[in-house]
Every structure is written in C-alpha cells, then in structure tokens.
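Residue-level structural notes
Chain by chain, the residues run as shown.
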Amino acid sequence: GAGVSQSPSNKVTEKGKDVELRCDPISGHTALYWYRQSLGQGLEFLIYFQGNSAPDKSGLPSDRFSAERTGGSVSTLTIQRTQQEDSAVYLCASSQVIEGQKTQYFGPGTRLLVL
Amino acid sequence: AQKVTQAQTEISVVEKEDVTLDCVYETRDTTYYLFWYKQPPSGELVFLIRRNSFDEQNEISGRYSWNFQKSTSSFNFTITASQVVDSAVYFCALSAYTGGFKTIFGAGTRLFVKA
C-alpha cells in the first residue's frame, strides 16, 4: 500500500493478557517508530528502529513492552500482562532518511482498551 | 536536553479569523529539523511541514504560513481565514542531530473553529 498500515485497528483485551500490535511501514523506509497517545494527550515516544542499528528503546515504559522489526520491514509491538493504564492509541510511523531529514508518516493507529 | 513547548492547550476561534499556534523549542544542536503535524478528529496524523535549522525563510502554503525564528527558538504556525475543517490538534516536533534525530513532540494545541 501507499501508506503506513497498522493492525488491528481496535483491540479489546482483559487485564493480564498479552497483545501484539503490527505495523507495516511504507516500502523502502528505513526508520520505524512506535508512539503511544493516551486520550487527549500528546505523543509519547516508545521505540525507534533505524536500519540495522540497535533500536532506541529509551521510551518503553516497562519491561512488559517489547518490539521487534523483522527483515527491516514489518514491526510488532508486544505488551505482556496488560494493565488498564496501557489503554491508549498506539501509533506507528516510518520515515526515509534523505540527507538527514526525516519526515515521519503515520499509520492510523491501534486503539487498545484493557478491561 | 531537547524539548518542545506548545503553551496553548486549546484555542477557539470563529471561522474566517486568523489564528497563530505557538511553538518554542530547545536544543543545543546546530543541525536540527522542525515539523508541524495535524491530527484531525479522525485521528490520523498528517504531516504539514518540515524546516531545517539552516533555512530561516518563512514559508506560505495556501492559508498556512510558518514563521521560523532561531533568535527566539520559535516555529509558529499561522492559519489565515480559518475554516471549520481546520479544527484539529496540531503538534510541533523537533528532530536533532544529538540523539540520532529522534523526534520529540510537543503536547499539542487543540484548535476549535466555530462556524
């Protein structure tokens, strides 16, 4: 597709369950980002992948959160033992580095509700 | 440390009024990029503009204009003759050389344009 896609678009889960969120970046984009946006709040950076470099995990809020990017393309964000405070919209973005400029293009997000 | 401040949490205007959204940034880098994104009620973030730190020329795109002033570390966004469709949350963001150009977002300004 032309843009960043994310699945599922909505996810309802019970507290304590694990969830996996998927992101398909724009083809050819070497950088991929995950953000979290709680209701009415700004964007909270979670993790950043750039090419084959080690990911920047500095934004992950706890060790229940992890992410991987397979083959430099698709990424999966995993939240283990979900808590109610994990409820938010999880946004993925990708970008292509051109002379150091990185414009991020965002997917539609996954709305996660933990009951 | 790098930081983006959008002091205006919410702004409400009447259609056809001009409105300016403020953005103040902090960085010690000389090489950095500034962005504005729009998040309409549908939720998907839309890229509006990217400026690099070496180009202080103001930019106009239709009813949108941006005023970049390094002397005051500001990158303000003005919408001329606002329309109801401009109602959205607007995010200012900074991406700097230190930290591998990881993008830092401001908290956002929610703009309401009333008919």
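This write-up is about the structure you can find in this document.

The rules behind each value
- Residues numbered from 1 in each chain as written.
- Chains lettered and ligands numbered in written order.
- Predicted model: local features only at pLDDT ≥ 70, side-chain atom pairs only at ≥ 80, totals over all residues.
- Heavy atoms only, no water.
- Helix = DSSP H or I, 4+ residues; strand = E, 2+ residues; numbered from the N terminus.
- Rg over C-alpha atoms; globule rule 2.2 N^0.38 Å.
- Buried < 20%, exposed > 50% of the residue type's maximum accessible area, 1.4 Å probe, protein only.
- Contact = heavy atoms within 4.5 Å.
- Salt bridge = Lys/Arg side-chain N within 4 Å of Asp/Glu carboxyl O.
- Pairing = 2+ DSSP bridges.
- Buried area = accessible area lost by both parts, 1.4 Å probe.
- Nonpolar A, V, L, I, M, F, W, Y, C, P; charged D, E, K, R; others polar.

Moving on: the overall build of chain B. Within chain B, the regular secondary structure consists of zero helices and 12 strands. The C-alpha atoms of chain B give a radius of gyration of 14 Å, which matches the 13 Å a tight globule of 115 residues would have. When its C-alpha atoms are laid out on the principal axes, chain B stretches across 45 × 25 × 20 Å. The burial tally for chain B puts 47% of its 115 residues in the buried class. Considering only contacts within chain B whose residues lie at least 6 apart along the sequence, 56% involve residues at least 24 apart.

Another aspect to go through is the pattern of salt bridges. All names here are of chain B. Across all of its chains, the model carries seven salt bridges over all chains by this definition. Between R51 and D55 there is a salt bridge, and its shortest N-O distance comes to 3.3 Å. Overall, R51 belongs to the buried group, its relative accessible area being 8%. Among the charged side chains, a salt-bridge network with shared partners connects R51, D55 and E59.

When you line up the elements, B:S95 lands in strand β10 (residues 88-96). The residues touching B:S95, leaving out its near neighbours within four places in the chain, are B:Y32, B:Y33, B:F35, B:F101, B:K102 and B:T103.

Another aspect to go through is the pairing of strand β10 (residues 110-114) of chain A. Sheet faces and side chains relate simply in a regular strand, where the side chains alternate between the two faces. Residues and elements named next belong to chain A. Going residue by residue along β10, you find T110, L112 and V114 tucked away on one face and R111 and L113 left uncovered on the opposite face. Relative to β10, strand β2 (residues 10-13) runs parallel, the two sharing four bridges. Each residue of the ladder has a partner; that of V12, found in β10, is L113. In this sheet, β10 lies alongside strand β8 (residues 88-95) in antiparallel orientation, the contact comprising three bridges. When the sheet's bridge partners are listed, Y90 is paired in β10 with T110.

Tallying the contact residues gives 18 residues for chain B and 22 residues for chain A. Interface of chain B and chain A: buried area, both sides summed, is about 1,700 Å²; carbon and sulfur atoms make up 51% of it. In terms of surface lost to chain A, no three residues of chain B exceed B:L45, B:K102 and B:F105, which account for 29% of the buried area on that side. In this structure, the connection of chain B to chain A is made through zero salt bridges. At the level of elements, β5 (32-39), β6 (46-52) and β11 (103-105) of chain B are the ones that each hand at least two residues to the side of chain B that touches chain A. Classifying every residue of the side of chain B that touches chain A gives nine nonpolar, five polar and four charged.

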